[in-house]
Structures are given as structure tokens and as C-alpha cells.
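# Close look at the chain arrangement
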Amino acid sequence: MTGYIDVQQHMIPADYARWLREHGVHAPGGRELPEWSPALALELMDRQGIAAAILSVSTPGVHLGDGTDASAMARTINEFGARLAQAHPGRFGLFATLTLPDVDAAVTEAAHALDELAADGVILLANSRGLYLGDPALDPLMTALDDRSAVVLVHPADLPGPAAPGIPPFAADFLLDTTRAAFNLVRHNVPRRFPHIRFILAHAGGFLPYAAHRLALALFAETGRDLDHILDDFADFYFDTALSASPAALPSLLAFAKPGHVLYASDWPFVPELAVSYFNGHLQNSDQDTTDIGHRNARLLFPCLSEARR
């Protein structure tokens, strides 16, 4: 079997981990920062049958506090990731980190990462300090990404409000955050105004596939747009399978998403290997032909991985 192509695998460069801790961030999303290195990543990939992984930095990204050093840290992360991809061709790719909610700096870093570093795309948090994707304030960045036919991984972040006691954000709030972003992107007609951007919604799009018709009716009531067009926009997102290849979630996702729009993902190292193996097992034992999910769909999005090790 050809190995998986993992579109949501995270890196935690040492400089970034140290910087987070210096800013008091020890457990983003309610999970302690795990141990990570390129060697550990490659070992995990070999054990789990992952041929290639597109690496990204997870929440909280680089805009902490007043954001004064966000641009410098984004550049450090992206140049580290680009060097790693160059050192391991066919094994690693890069989703570049940007500086939202600082839009001007994000445009600058997107141009550098995509034009100079040959990044495979960018990662954007569903909300950046309360500014959700889809907001018209982000149109200059959307224009830059559309001009470059960029792939954008939409990753959840902490909700712009206090977490519920006893419920870690990664367990439930993250699903709502991604769903909010998808709703707001369609509400502001971003997929149609910027048609060359390919958005991948992490974790099967939160609860978007399950609640799409309910969400579409809300948008229809607000905007009067054609209901079928709204549903088509929702289904036109790409979706990854991180923590979502279960017997309950996967059939719903495949019934909703357009053909070719479901991609394999592990979410390692924030998801421990036991959980990666657990969901891999469900994917392999499903009654679906998982070739497309496992690697073929990703190869169409990321030509640089077309020769990923088999």
C-alpha cells in the first residue's frame, strides 16, 4: 500500500517551544507541549505508514500579547520548516505560519513563504484573537493567497471567551471554532470571491458536515442566497480526517464532502501515537476504498509530494 500523506502534522521547533514558554504558554488548547524533533517525526511516520507530512505550527500560532515579535517568530518558524523540507525531499512539506490578526504583516509573510521558501500553503487559525476567517478585514490576505492559488489549512484555536470548567478546549471548543470559521467564510462569500484558494478544514470541519443544512438555513434566512449554493460552498471545502476517521464520523463526512475532498491527517504530536494508530485502524477497517483519502487526493493538491516515498 502506498503510504499516507498527512496534511495535518505539527512541528514544534525548539526556538518556538522556548518562545511559547517564555510567554507563559505551556498547554495550548489544554494539551501540554509534547516532545518533538524531525527524527521523532520520521520514526512515527515509518511506524504508522505515513509517506509524507506537511508540517505546520498549531495554535496559538505566533501572535501573543501585543504581537510585537510575531513577525520575527513567523519568519524563524517558516525558514526552519523550509530547511527541513529541503533536507527531506518527499517526506516533509510546509504550511507556513502567518501573523494574524496583523493583516499587513501576514500578507508580507505569505508572499515570502510562498514565493521565496516554496511553502506548500499556509496555516490560518479559525480565529485570531477574536477575528474570524471570512471577516472583510482579511480581504487583502485573501487576495494575496488567491493570486497564488494557495492551499490554506484552517486550524482551530481557543474560542474568544473563557473555556467551560472541566472541558479542555481541544475536546469540544475546537470543533465549534472551525465550524464558526467555515460559516463565516461562506457568509462573506469568500469561496466565490477568491475561487483559487483551496481551504482544508481540520478535524473533518468540526461539526459542519453533520449540521450543514441547519447552518445553511441560517445563512439563507440572513442573506436570501440560494440554499443549494450555500450547501455547495460548504461541501466545496476540503476536510482532513484528524481524530475523525471513526465509524460514526467518517460516513457522515464522506456523504457530505465533494469527491476528492477528504484528506488523511494524524494531528501528531498533539495527538499521541496510540490515538493515531486507533484512527488509522478505523480508516483501514472501514468499508470505504481509502486510497483516495490516504494519499491520492493530497497528491492532486500538492504536486511536490507526487514522488513521496512509497
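Scroll up a little and you will see the structure.
Definitions and limits used
Residues numbered from 1 in each chain as written. Predicted model: local features only at pLDDT ≥ 70, side-chain atom pairs only at ≥ 80, totals over all residues. Heavy atoms only, no water. Helix = DSSP H or I, 4+ residues; strand = E, 2+ residues; numbered from the N terminus. Contact = heavy atoms within 4.5 Å. Areas by Shrake-Rupley, 256 points an atom, 1.4 Å probe, with all protein chains shown as cover. Lys, Arg positive; Asp, Glu negative; His and termini not counted. Charge placed at Lys NZ, Arg CZ, Asp CG, Glu CD. Buried < 20%, exposed > 50% of the residue type's maximum accessible area, 1.4 Å probe, protein only. Arc of directions from axis to C-beta. Phe/Tyr/Trp six-rings, centres within 6.5 Å; stacked < 30°, edge-to-face > 60°. Axes fitted to C-alpha atoms, helices over the stretch in contact; angles between N-to-C directions. Parallel < 35°, antiparallel > 145°, perpendicular 65-115°, else oblique. Left-handed = near helix turned anticlockwise from the far one by under 90°. Nonpolar A, V, L, I, M, F, W, Y, C, P; charged D, E, K, R; others polar.

## Quick notes on the overall build of the chain
When you go through the chain residue by residue, the secondary structure sums to 12 helices and 10 strands. Each of the three principal axes of the chain carries a C-alpha extent, and together these read 50 × 50 × 45 Å. Contacts in the chain between residues far apart in sequence, at least 24 positions, make up 78% of those at least 6 positions apart. Summing over all exposed atoms, the chain offers an accessible surface of approximately 12900 Å²; the carbon and sulfur share of this is 53%. With 21 positive and 36 negative side-chain charges, the chain shows a separation of 2 Å between the mean positions of the two kinds.

## A few points about unusual backbone geometry
Residue Pro60 is bonded to the preceding Thr59 through a cis peptide linkage, with omega at 15°. Relative to the helices and strands, Pro60 resides in the loop between strand S2 (50-56) and helix H3 (70-87). Cis geometry marks the peptide bond from Trp268 to Pro269; its omega dihedral reads 5°. With respect to the helices, strands and loops of the structure, Pro269 is situated in the loop between strand S10 (262-263) and helix H11 (273-285). Not every positive phi belongs to a glycine, and His203 is a case in point at roughly 55°. Positive phi is not limited to glycine here, since Asp267 has a value of about 70°. As for its position among the elements, Asp267 is in the loop between S10 and H11.

## So, the environment of Phe174
Residue position: Phe174 is located in helix H6 (residues 173-187). Distance in space between the C-alpha atoms of Phe174 and Val107 is 25 Å, their sequence separation being 67 residues. Each residue touching Phe174, except ones within four places of it in the same chain, is listed here: Gly29, Thr59, His155, Pro156, Ala157, Asp158 and Pro169.

## A closer look at helix H1 (residues 14-22)
Buried within H1 we find Tyr16, Ala17, Trp19 and Leu20. The buried residues of H1 occupy an angular sector of 160° when projected down its axis, which confines them to one face. Every exposed residue of H1 that faces more than 90 degrees away from the buried side is listed here: Ala14 and Glu22. Just downstream of H1, Gly24 is the residue with a positive phi angle, here 80°.

## What about the packing of aromatic side chains?
A ring pair, where both rings are aromatic, is described by two values, the distance of the centres and the angle of the planes. With the rule as written, the count across this model stands at seven aromatic pairs. Seen in terms of ring centroids, Tyr4 and Tyr264 are 4.1 Å apart; in terms of plane orientation they differ by 10°. Their pairing is stacked. A residue pair is termed long-range when its members are at least 10 positions apart, and Tyr4 in strand S1 (residues 4-10) and Tyr264 in the loop between S10 and H11 qualify at 260 residues. Both rings, one in Tyr16 and one in Trp19, keep their centres 6.0 Å apart while their planes meet at 25°; by these two values the pair is stacked. Placement of both Tyr16 and Trp19 in helix H1 is noted, with a separation of three residues, approximately one turn of the helix.

## So, the packing of H6 against helix H8 (residues 208-223)
Running from N to C, H6 and H8 point in directions that differ by 40°, and their axes come no closer than 11 Å. Classified by the interaxial angle, the pair formed by H6 and H8 is oblique. Both H6 and H8 take part in a crossing whose hand is right-handed. Of H8, the residues touching H6 (which contributes Thr179, Ala182, Phe183, Val186 and Arg187) are Leu208, Leu215, Ala218, Leu219 and Glu222. Residue composition of the contact of H6 with H8, by class: seven nonpolar, one polar and two charged.

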